[in-house]
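Fold and contact review
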Amino acid sequence: MAHHADPGLASMIARDPRHVFHCANLATGILLGCGAGHLLPFAPAAGGAAALQAALTAACVCPRCQWVGANVTRGPARGAVALTFDDGPDPALTPWILATLRAHKARASFFCIGNKARRYPHLIRAIRDSGHSVENHSDRHRHSFAVLHHAVIAREVRTAQQTLTDLAGTAPRFFRAPLGFRNPWLAPVLAECQLRYVSWSRRGFDTVDRRPAHILGRLLTDLRDGDILLLHDGKGACDRRGRPVLHTVLPGLLENVTGRGLAVVDLPTLLA
Ligand SMILES: [Zn+2]
């Protein structure tokens, strides 16, 4: 990212106006601290930022907005909700999730990280063989994703797409950015890879909240037909007894949703 500090900024912007976005977002990323992780969208806006920077930053850190490209946040009402898991595959949690989904006859989409998929290729095959969909969540899940140079962003998407296609035998159809943060030149890369951008309509904050009842409340209160739910099979929080919160959350979620007469499906099914 050395070019961000290039003193010839004006000439760079003249050559490629997208550099404005690079610089504004780099400054904002430093200001807010991209390492603040999944809580960042709730962080109060830093004062004193220029209007342009504020607008670009909002587009960057607003996971469900449409300002920087098409963004699917929910599906049509067809008697189902889609369940999605980010940040896997994980050798401890993913097999347990697959067994739990099987027991409830539920389907899900797994947004997998490319380098984890190469470490645990058997888990990608297990996800596929269980009838779920494997989707693209970048190659290294860099928290600075939205402020990376566009060539690096393209590499993050393409490398993961190649890895996951090779391992699953079919190409992922959907992409979700690390932390849900995007920028304007992600869309052309997704188009090139025939990927659609998908975020979510409800998320449990299961990576940071240790209270299963609160996670379930976020997912289930006012649940609607066509919702897209976000949980994680990597980096999930543990409850006060040291158990992954998902061990309580997932069975409770599946029983509640199916009890309402809604099917639990993967994204290709909901968005077909
Ligand atoms: Zn993630």
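Being a predicted model, the structure only gives us computed values, none of them experimental. Position numbers for residues count from 1 along each chain, tracking the sequence in the order it is written. Restriction of local features to residues with pLDDT of at least 70 applies here, the model being predicted, together with a cutoff of 80 or more for giving and counting side-chain atom pairs; totals for whole chains, interfaces and linings are based on all residues. No hydrogens and no water enter the side-chain calculation; it runs on all heavy atoms of the structure.

This part covers the coordination of the zinc ion. Of the protein atoms, only Asp-87 (OD), His-137 (NE2) and His-141 (NE2) coordinate the zinc ion, at distances of 2.0 to 2.1 Å. Metal donors: N, O and S atoms at distances within 2.8 Å, or within 3.2 Å for Na, K and Ca, with water omitted from the atom set so that some sites may seem incomplete. Of note, the donors binding the zinc ion are all from one chain and are spaced D-x49-H-x3-H. Of the two residues, Asp-87 is situated in strand S1 (residues 80-88) and His-137 in the loop between strand S3 (133-136) and helix H7 (150-168); the sequence distance between them amounts to 50 residues. Like His-137, Asp-87 is buried. The numbering of helices and of strands both runs from the N terminus, where a helix is a DSSP run of H or I of at least 4 residues and a strand a run of E of at least 2. Residue burial is assigned from relative accessible area. The probe radius is 1.4 Å, only protein chains are included, and a residue is buried under 20% of its type maximum, exposed over 50%, and partly exposed in between.

The subject of this paragraph is the packing of helix H4 (residues 93-103) against helix H10 (residues 246-259). Interaxial angles span 0 to 180 degrees and are taken between N-to-C directions of axes, which are lines fitted to C-alpha atoms, for helices over the stretch in contact. Remark: H4 packs on H10, axes separated minimally by 11 Å, with the N-to-C direction vectors making an angle of 20°. Regarding the angle of H4 to H10, the classification is roughly parallel. In terms of crossing hand, the pair formed by H4 and H10 is right-handed. Listed contacts from H10 to Leu-93, Trp-96, Ile-97, Thr-100 and Leu-101 of H4 are Leu-246, His-247, Leu-250, Pro-251 and Leu-254. Lys, Arg, Asp and Glu make up the charged group, whereas Ala, Val, Leu, Ile, Met, Phe, Trp, Tyr, Cys and Pro make up the nonpolar group; the residues left over, Gly among them, are polar. When grouped by side-chain class, the residues that make up the contact of H4 with H10 number eight nonpolar, two polar and no charged. Should an angle lie under 35 degrees it is considered roughly parallel, over 145 roughly antiparallel, and from 65 to 115 roughly perpendicular; all remaining angles are considered oblique. Crossings are sorted by hand: turned counterclockwise from the far helix by less than a right angle, the near helix makes the crossing left-handed, and turned clockwise it makes it right-handed. Working rule for contacts: check all heavy atoms of both residues, and any pair within 4.5 Å makes them a contact.

Put simply, a salt bridge is a Lys or Arg side-chain nitrogen that is within 4 Å of an Asp or Glu carboxyl oxygen. Enumeration according to the criterion identifies 11 salt bridges in this entry. Arg-128 is the partner of Asp-129 in a salt bridge, and the nearest nitrogen-oxygen pair spans 2.9 Å. Classification of Asp-129 as exposed rests on a relative accessible area of 58%. For Arg-140, the salt bridge is made with Glu-156, and the minimal N-O distance between the two is 2.8 Å. In this pair, Arg-140 is assigned in the loop between S3 and H7 and Glu-156 in helix H7, connecting sequence segments 16 residues apart. The exposure class assigned to Glu-156 is buried, which follows from its relative accessible area of 1%. Residues participating in the shared-partner salt-bridge network are Arg-74, Arg-202 and Asp-227.

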